Structure formats: C-alpha cells, structure tokens
Amino acid sequence: MKRILIAAVTAFAFMAAAPVMAKEPPKGKLTLPQKDAATAKKGPVHFDHGSAKHKTLKCETCHASAEGGKLTLDQKTGHATCQKCHMETAKADPAKKALGTCDNCHAKK
Ligand code: HEC
Ligand code: HEC
Ligand code: HEC
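Our subject in this report is the structure included herewith. (Residues numbered from 1 in each chain as written. Chains lettered and ligands numbered in written order. Predicted model: local features only at pLDDT ≥ 70, side-chain atom pairs only at ≥ 80, totals over all residues.)

In this section: the overall build of the protein. Across its full length, the protein holds 4 helices and 2 strands. Counting from the amino terminus, the protein carries its helices and strands in the arrangement α-β-β-α-α-α. Buried positions account for 1% of the 109 residues belonging to the protein. For the protein, the proportion of contacts with a sequence separation of at least 24, taken over those separated by at least 6, is 36%. (Helix = DSSP H or I, 4+ residues; strand = E, 2+ residues; numbered from the N terminus. Buried ≥ 20, exposed ≤ 12 C-beta atoms within 10 Å, placed from the backbone. Contact = placed C-beta atoms within 7 Å.)

Given below as structure tokens:
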C-alpha cells in the first residue's frame, strides 16, 4: 500500500512538473509543405504517424522533443531521417522493395 502511494505521489509530482503534456500525433496521412513547389524536383512528401512501423518510433527520432516540437525537413535531413530506414528495410526484405523508391514518399510530379 505504502509503495503504491509513493508511486502515485511521484507520478503526480512528475505530471505537475512537466511543462507541456505529450501531444498526440495527428491522425491519418499528412502532406509536408513544400518551400517552393514550382522549383521542387519531386512532388510533395506524405507521411502517416499511424503506420505500423512509424508508430513504434520515438517522437525524438524526427522531432525536437517528445511533445512533437517544430520539425522542418529539407532534402538532407529528410533523407537522413526517412529515406535511410526505407532503403535499409527495402534491402533487407525484397517484398518491401517499393519502400526504397522515390514514389513511395514523393507524389508524382
Ligand atoms: C525506422 C524506419 C522508418 C523511418 C525512420 C521512416 N519510415 Fe516510413 N515506413 C517504414 C516502413 C517499414 C513502412 C511500411 C509500412 C509499415 O510497416 O508500417 C513505411 C511506410 C511509409 C510510407 C507508405 C505509406 C504508409 O504510411 O504505410 C510512407 C509514405 C512513408 N513511410 C514515409 C516516411 C517519411 C516521410 C518518413 C520521415 C518523416 C519516414 N517514412 C520514416 C519505415 C520507416
Ligand atoms: C518518422 C518521423 C516522425 C516520428 C517518429 C513522429 N513524427 Fe510527428 N511529424 C512528422 C512529420 C514529417 C510531420 C509533418 C511536419 C510538417 O508538416 O512539416 C509531423 C507532424 C507532427 C505534428 C503536427 C504539428 C507540427 O509540428 O506540424 C505533431 C503534433 C506531431 N507530429 C507529434 C508527434 C508525436 C507526439 C510523436 C511521437 C508519438 C511523433 N510526432 C512522431 C514526423 C514524425
Ligand atoms: C522515405 C521517404 C523518402 C524517399 C523514399 C525519398 N525521399 Fe526525397 N525527400 C524526403 C523528404 C522528407 C524530403 C524533405 C521534405 C521536402 O523537401 O518536401 C525530401 C526532399 C527531396 C528533394 C528536395 C525537394 C525537391 O523536390 O526538389 C529532392 C530533390 C528529393 N527528395 C529527391 C528524391 C529522389 C530522387 C528519391 C528517390 C531516389 C527520393 N527523394 C526518395 C523523403 C523521401
């Protein structure tokens, strides 16, 4: 009983001290805004937080913090964050070859 009480008090103190509560990621497929769609070589990138694999990743894999936090991906950071895993997954499993292709993330232009 005492243990449970301590755990509860600790949990409450932690919650009260946290400045921002963890946010829920947006549901469904979202499209990343393009800085300049006219000069972009590829179509806009889409992403779904709810995909089986994406759901297992820590928010900080992509965001500045566990609350989500501002995220701006350019070609360099976007490919380091997203394409790297997709290419590795495609290489390891021939059935997932499509994951490594440009059109898996970029809409056709
Ligand atoms: C750690 C590995 C990993 C990272 C990082 C990752 N993905 Fe994926 N992604 C996958 C896998 C695996 C799938 C196949 C579906 C599944 O198993 O969830 C997938 C599926 C997709 C799909 C196909 C539609 C869907 O949601 O199923 C898109 C589009 C996509 N990812 C875009 C992105 C973008 C954009 C990023 C970076 C912001 C990203 N992914 C980061 C592993 C990853
Ligand atoms: C694989 C990379 C990846 C992971 C992991 C991820 N996100 Fe995201 N998230 C994105 C991308 C890409 C966007 C779209 C950003 C944009 O529109 O510029 C986004 C957008 C958001 C937004 C919309 C607000 C905003 O900043 O535009 C919230 C809130 C968010 N994510 C929360 C979370 C939380 C909470 C987690 C952990 C449970 C999480 N995300 C995990 C890639 C990721
Ligand atoms: C796993 C997802 C993913 C895959 C696969 C991927 N990209 Fe990207 N790419 C991104 C993200 C994220 C960005 C940064 C966001 C943006 O620019 O819209 C980006 C940005 C870019 C840009 C800069 C913006 C533009 O359109 O001019 C180019 C060029 C690009 N990618 C080319 C490619 C090519 C070529 C391939 C295939 C060989 C490819 N990408 C495969 C996720 C991906």
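Next comes the rest of the description.
The next subject is the site of ligand 2. If you check the shell around ligand 2, you find 18 residues, and the closest are Pro25, Leu57, Cys59, Cys62 and Gly68. Taken together, the residues that form the shell around ligand 2 break down as 11 nonpolar, 5 polar and 2 charged. (Near = placed C-beta within 6 Å. Nonpolar A, V, L, I, M, F, W, Y, C, P; charged D, E, K, R; others polar.)

In the vicinity of ligand 1 lie 18 residues, with Ser51, Ala52, Lys53, Cys82 and Cys85 positioned nearest. Breaking the shell around ligand 1 down by element, the ones donating at least two residues are β2 (46-48), α2 (52-55), α3 (75-92) and α4 (102-105). Counting residues per element, the shell around ligand 1 draws most heavily on α3, which supplies 5 residues. Looking at the shell around ligand 1, its residues break down into 9 nonpolar, 7 polar and 2 charged.

This part covers the environment of His49. Within the secondary structure, His49 is located in the loop between β2 and α2. The partly exposed category is assigned to His49, around which 17 C-beta atoms lie within 10 Å. Considered as a pair, His49 and Cys59 are 10 residues apart in the sequence and their alpha carbons are 9.7 Å apart. In this view, His49 contacts Pro25, Pro26, His54 and Lys55; residues no more than four positions away in its chain are not counted.

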